[in-house]
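Listed below, chain by chain, are the residues.
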Amino acid sequence: MSAFAKSEANETFVLNLGPQHPATHGVLRVKLTMDGEYIVEAEPVLGYIHRMHEKMGENRTWAQFLPNTGRMDYLHALAYNHGYVSVVERAAGIEVPERAEYLRVITAELNRVSSHLLWFGAFILDLGGFSPLLYAFDDREHILDLLESVTGSRLTYCYFRFGGVYNDIDDNFVPGTRAFIKRLRDRMPMYHNLVTKNIILMKRLQEVGPISAEMCRKYGATGPVCRGSGINFDVRKHEPYSIYPEMDFDVPVYDQCESMARYMVRMDEIEQSLRIIEQGLDKLPEGPVMAEKVPKIIKPAKGDYYHAVETARGSFGVRVVSDGSNTPYRLKLRSPTFSNLSLFGEACQGMLLPDALALMGSLDLVIPEIDR
Amino acid sequence: MHVDPEIIRLLAFLVGVIAFAALNAAYLVWLERKEAAHIQRRIGPKEVGPFGLFQPLVDGIKLMTKQLIVPAGVDPVLFKIAPILVMVPAIMSFVTIPFSETLVARNLDLGLLVIFAFASVNVLGLLLGAWGSRNKYAVISAARVVSQNVAYEIPMLVTVVTLVMITGTMNLHNIVMQQQGGFWHWNILNLSASPLMPVAFLIFFVCMLAETNRAPFDMAEAESELVAGAFTEYSGMGFGVFFMGEYANIVIGASVATILFLGGWDCPLGLFPGVHWFLIKMYFLIFTVIWIRWTFPRTTFYGLLNLSWKILIPISFFNLILTSAMLKVF
Amino acid sequence: MIDYLREIISGTWSLFVGLGITIRYFFQPVVTVQYPYQTLPMTPCFRGHIELTKDEETGETKCIVCGMCQKACPSNCITVNGEKREGVKGKVLTEYTLDFTKCSLCGLCVESCPTAAITFSKDYNLAGVRKEAYIFDLKKRLEAKN
């Protein structure tokens, strides 16, 4: 047999990407079967930071589960707060004052902007660009300062309560937020010039990492991933909750199905979120931030309740089953990134390693939320 | 006892060149950190000494005192020889670089050829180190280094051949001497030889980035993809020597670009030529290399191959043909 | 051919635009705060670990040992004990321990307190080498303050 004859043996090898790898943003492990640099098969392996949040919920009172919600998706903690308090309010029939709803939406959207900014920086870091990360953190720091002045913490917020929010905003919040909106709007062209229009980035993202609308439906992908594949689905528009119906905003949808489309969806969402925050500040009514008749010990009526919210990564649903006691009988959390990650195995088949990692970055994975 | 003064001169230059390479490697790390920090609006190293100037010394001591871990299963010879194979050719290249009219270790007639010959050994060092360290990431990195080598060597050499056609010599000293007398005599603006000379400089610069494995062509050590690429298994001074070799290569690349295109030690306005102008130009190019690294995302290796075969090689060949035609006509 | 050249030129131009942005930032002042030497003012809302407040009149704790905070805490990190004393109405606080290793700073205890006897501290320089250093005796801390 000559030296150049194709060997019959299987020439693939297994590459363990993670659980400690710079591109997986946490303890995700992907078992890659590689043929040279081409990926033959990819299998995400989960569970390295599984913390049994759902089971924990069954062993705690309804209110005691609140701090857990901020620790699943630590980048968009307020949306998780929002999803959980909304479902319990629906179950227990608690009315929320209007001012509290406005504050919830304003802070949750600020949090969404900060999440997208962090994703932006980390994504460019995955692609090898360093400085945009620091520029994004510079802006994000302003959001964290604003949110700290309201919620008291900077990352794992626990701000929403059944029937309202934990405390009212201070005098600096409204002017500070307006100044921030102006600042970020002035900075967005810089981000686009530095990153979006950069030929290297365009070559790396355009027509790379296709995720068809079909595949999104098959795996239940939501959020920017499905909106980058041409599916117009946003819980804020299509199953409106809170005061989103009163807000005027667009849902950015791109149908190129490539990594660039998902990138553009998120960049446009930052601008749309700024619009929502601005309208919220304009319309912010006076009044209490906490409902008056909230029982000390919440015992929702027997039943099965579900509520979904749109987080920065997609649709987050909470299903609670109440047996009328002071603890949930069953608590089920539907986290968006779990579905978004599931399609990675199919989507990256036959791709080169650097492109697959760009695709993984464009899914915006937050591992603690996948593992819960 | 009679000692040939030439031997003493060579010894002095050898020590000087090694010291220059090592000092540059150390302080380019400082420059890189400082420049990156200011681009990102931070301060960077500032604790050790004024402006953190002693930071490289402390880093060096730290690297030297660390244990050299040789992982089980590596090829012990290749694993240990690879950092030296990266470092030595880089230092060897310094021998023929004229820093000023008189400051050169050995003025070789084929100086340019010597530099390119030694520059190619760098790839071999990385390949052996990656292969010897028995790590999958390192092996992928080695494959990338080799494919990258094919991509950038051709346009680089074609550009250099164009330049040699114009100058008619491979002696670096003579190439600089031809460019004396102000910036309009420099090869980068030698538009009468070929109107594409500035483009040729850009091509050379891009290939130099690829040759030194610098961003945006740092696929070989792409930290978000391959952890640390070829250096994944290296620790302590093994890693440190690789690092010094990399920076020495950048210095070589910037020096060659200065000599070939920017007139070497010539002053832009024709006044006071000397080694300081050489260093100013060289460090400006190095500054640009670092500046580029902290601005752009990384390309992929097929991106580099596309760039090379579809853009750089056609343009450099076009430049070659254009130059030879113009040399013939005028 | 024209598209080919246009792409090269626009691509190269985009690279120069990027370089222009970063060099502008290079010459702008730094935005970071050099932390141990400089500190930022803290927001009044900051939630550190909890602390007992004192009654302005008596200088004693306002705690009535009702145990609401203990019940509200999701991670059982608060231990409150009290005893009946003669001549004093209600219970007197004898022990208030916070196990800060488990606390997640949610603030449910502060909200549940009927007498506003606990509040958030502003301590954030918390580093130690032993786990026991984070089991705070809040009653002692309050007495040390007086």
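Residues numbered from 1 in each chain as written. Chains lettered and ligands numbered in written order. Predicted model: local features only at pLDDT ≥ 70, side-chain atom pairs only at ≥ 80, totals over all residues.

**Section: the interface of chain A and chain B**
Where interface size is quoted, it is often the accessible area lost as the parts come together. Facing the 26 residues of chain A at the interface are 21 residues of chain B. The class makeup of the residues in the side of chain A that touches chain B is 15 nonpolar, five polar and six charged. (Contact = placed C-beta atoms within 7 Å. Nonpolar A, V, L, I, M, F, W, Y, C, P; charged D, E, K, R; others polar.)

**What to know about the nonpolar core**
Judged by nonpolar contacts, the single largest core of 226 residues is most densely connected at Leu126, Phe204, Ala248, Ala257 and Ile286 of chain B together with Cys69 and Cys109 of chain C. Broken down by element, the residue count for this core peaks at 16 residues, all from helix 4 (residues 98-126) of chain A. Setting aside its immediate chain neighbours within four residues, Ala257 of chain B contacts Phe204, Phe205, Met208, Leu262 and Leu285 of chain B. (Core = buried A, V, L, I, M, F, W, Y, C linked by C-beta atoms within 7 Å. Buried ≥ 20, exposed ≤ 12 C-beta atoms within 10 Å, placed from the backbone. Helix = DSSP H or I, 4+ residues; strand = E, 2+ residues; numbered from the N terminus.)

**Re helix 14 (residues 353-362) of chain A**
Among the 10 residues in helix 14 of chain A, 10 count as buried, and that is most of the element. Here the buried face of helix 14 of chain A lies against strand 3 (38-45), helix 4, helix 7 (199-205), helix 11 (259-283) and helix 13 (344-347) of chain A together with helix 8 (223-226) of chain B. Phi turns positive, to about 60 degrees, at Asp364 of chain A, one or two residues after helix 14 of chain A.

**What about the sheet that holds strand 1 (residues 13-17) of chain A?**
Residue and element names in this part refer to chain A. Overall, antiparallel pairing links the three strands, which are arranged 1-2-3 in an open sheet. Two strands in the sheet have a free side with no partner beyond their single neighbour: strand 1 and strand 3. On average, each strand axis in the sheet is inclined to that of its neighbour by 25 degrees, with strand direction left out of account. By the bridge criterion, five bridges tie strand 1 to strand 2 (residues 29-35) in an arrangement that is antiparallel. Opposite Asn16, over in strand 2, you have Lys31 as the bridge partner. (Pairing = 2+ DSSP bridges. Axes fitted to C-alpha atoms, helices over the stretch in contact; angles between N-to-C directions.)

**Let's talk about the sheet that holds strand 3 (residues 91-99) of chain C**
All names here are of chain C. Taken together, three strands build an open sheet; the order of strands is 2-3-5 and the sheet is antiparallel. Every interior strand has two partners, whereas the edge strands, strand 2 (78-84) and strand 5 (135-137), have only one. Each strand of the sheet is rotated relative to its neighbour by a mean of 20 degrees, with strand direction disregarded. In this structure, strand 2 lies alongside strand 3, joined through seven bridges in antiparallel fashion. Within strand 3, the position partnered with Glu83 by the bridge is Val92. Sheet contacts for helix 4 (residues 138-145): strand 3 and strand 5; angle to strand 5, the most-contacted strand, approximately 50 degrees.

Note that all results are geometric; they support no functional claim without further evidence.
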